[in-house]
2 protein chains.
Amino acid sequence: MTAEPLRIAFLLFPDVTQLDLTGPVQVLSRLGNARLDLVAATLEPVPTDAGFSIVPTATFADVPAADILCVPGGFGTHRAIADDATIDWVARVGADARWVTSVCTGSLVLGAAGLLRGYKAGCHWAQRHMLPLFGAEPVAERVVIDRNRLTGGGVTAGIDFALRLTALIRGEAHARMVQLALEYDPIPPFDAGSPERAGVAVVEAYERRVAQLAPGRDDQLRALAARRGFAG
Amino acid sequence: MTAEPLRIAFLLFPDVTQLDLTGPVQVLSRLGNARLDLVAATLEPVPTDAGFSIVPTATFADVPAADILCVPGGFGTHRAIADDATIDWVARVGADARWVTSVCTGSLVLGAAGLLRGYKAGCHWAQRHMLPLFGAEPVAERVVIDRNRLTGGGVTAGIDFALRLTALIRGEAHARMVQLALEYDPIPPFDAGSPERAGVAVVEAYERRVAQLAPGRDDQLRALAARRGFAG
């Protein structure tokens, strides 16, 4: 029995949080009978947030359609939203994809492409409040499913998201096998993965760091959204 | 207060399980005041197991020493072990590194470089039984710490490993902030991350798949070990 063929397209952009992408890519590379592309404007290596570059496998022109569209996030999200070619490609592929998906602040890119109007969506906890800019309803869950939109929380949520999607597409038995192959039996060393449980001091330390790395990012995103015709 | 500077070197080799590498790289890229390199024989992009290539940041010649050495695993492990230049570099950097570490079957590479004789070590569950070939004692834990050797279990264990290492080096408060930044609050969709709990049918499905992808891999590794002078 051969599994139904699938085309998977991940957006790859400069300063992406690479684990937003590499986590779900690892899981979805085990779907079987699927072609998975990392798509960018050109085939030049794309610098990630973690000090190394990933080589795209296809250009926007090469991939006019896909069964699964997935957009990762990171500090490069604003630059991706500001780029017309990127947003046009996301909007075009997302319009007909069977599954329109994101990890982390990738949901803001989907939003900017007009793909989340009237949908519930997830996002990195620290940027979730920006989703209404694009007509989406923020939900504080690890993986948010609303019709054919699957949107994950921050960074590591991409692994949970991709296993959920695997089960929806190939069934639970296949997803369990992939989970075992990746030995996904997490034992986080601390109970610090959400702002509610990390404690005030840790949240404040994180926010000081973001204020240094990306000062004024909420206002910048509001300006970008306004430019793209979102009333805010 | 400036954190002590650190040099981190990850081995990058063809057909690496890329999440073995990209998970801990994401975590350790947040150590602060650290230079992180992905090291290979040349600077040519290296194909991973997931259908895309990663660009090395340095060659073996560029990185004669590091504070932290980390070796990922994957189906490319055997080829890495068979390659003299790779094993020589791992042995040389590992001899003086403050932390000698691995994720998944990367511990077999450390073993082949003679770095685990008399040490307890972790590995992907399906290959853990091969560690004694190299004089190491296999331990079925997510992260195994024996003196300055930190060795993780399969693939996704790299995230837990790297957070543990972050806490050892920069303290628990810093590790908690990184965990929050990466929203590492996992909710695996199934209880299938270990062979004990995945169930017999899932384990058998996995083993059938490996038998197809890498037939005879235990015997091949025994032959490679013998060639490197390990009695087995």
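Located above this text is the structure these notes cover.
Residues numbered from 1 in each chain as written. Chains lettered and ligands numbered in written order. Predicted model: local features only at pLDDT ≥ 70, side-chain atom pairs only at ≥ 80, totals over all residues. Heavy atoms only, no water.

S.K.: When you look at the relation of the copies chain A and chain B in this model, what are you seeing that I'm missing?
M.R.: Put simply, the second copy of the chain is the first one after a rotation about an axis and a shift along it. It takes a turn of 180° to lay chain A on chain B, together with a shift of 0.0 Å along the axis; the resulting RMSD is 0.0 Å. One copy is carried onto the other by what is essentially a two-fold rotation axis. Identified as the residue of chain A closest to the rotation axis by C-alpha distance is I54(A), at 2.4 Å. Of all interface residues in chain A, 100% are interface residues in chain B too; the two copies therefore contact each other through one and the same surface. (Least-squares fit on C-alpha atoms with pLDDT ≥ 70 in both. Contact = heavy atoms within 4.5 Å.)

S.K.: How should I be thinking about the packing of helix α8 (residues 200-213) of chain A against helix α6 (residues 172-181) of chain B in this particular structure?
M.R.: In helix packing, the relevant descriptors are the interaxial angle and the interaxial distance, both defined with respect to the helix axes. At their nearest, the axes of α8(A) and α6(B) sit 9 Å apart, and the two run at 70° to each other. As far as their axial angle goes, α6(B) and α8(A) are roughly perpendicular. Note that α8(A) runs across α6(B); the crossing there is right-handed. For the pair formed by α8(A) and α6(B), the contact residues are V202(A), V203(A), A205(A), Y206(A) and R209(A) on the first element and R176(B), M177(B), L180(B) and A181(B) on the second. The class makeup of the residues in the contact of α8(A) with α6(B) is 7 nonpolar, no polar and 2 charged. (Axes fitted to C-alpha atoms, helices over the stretch in contact; angles between N-to-C directions. Helix = DSSP H or I, 4+ residues; strand = E, 2+ residues; numbered from the N terminus. Parallel < 35°, antiparallel > 145°, perpendicular 65-115°, else oblique. Left-handed = near helix turned anticlockwise from the far one by under 90°. Nonpolar A, V, L, I, M, F, W, Y, C, P; charged D, E, K, R; others polar.)

S.K.: Mind showing me how you'd approach the interface of chain A and chain B here?
M.R.: A common way to express how large an interface is: the accessible area buried when the components associate. Contact residues are listed per partner, giving 61 residues for chain A and 61 residues for chain B. Here chain A packs against chain B, burying approximately 5400 Å² in sum over the two surfaces, 64% of which is carbon and sulfur. Summed over the three residues of chain A that lose the most area to chain B, namely L180(A), E183(A) and F190(A), the buried surface amounts to 15% of that side. In this structure, R197(A) and D185(B) form a salt bridge, with 2.8 Å as the shortest nitrogen-oxygen distance. Viewed at the interface, chain B and chain A are joined by 37 residue pairs in polar contact (both at pLDDT 80 or more). Its residues placed into classes, the side of chain A that touches chain B shows 32 nonpolar, 16 polar and 13 charged. (Buried area = accessible area lost by both parts, 1.4 Å probe. Salt bridge = Lys/Arg side-chain N within 4 Å of Asp/Glu carboxyl O. Polar contact = N/O pair within 3.5 Å; in protein donor to acceptor, adjacent residues only side chain to side chain.)

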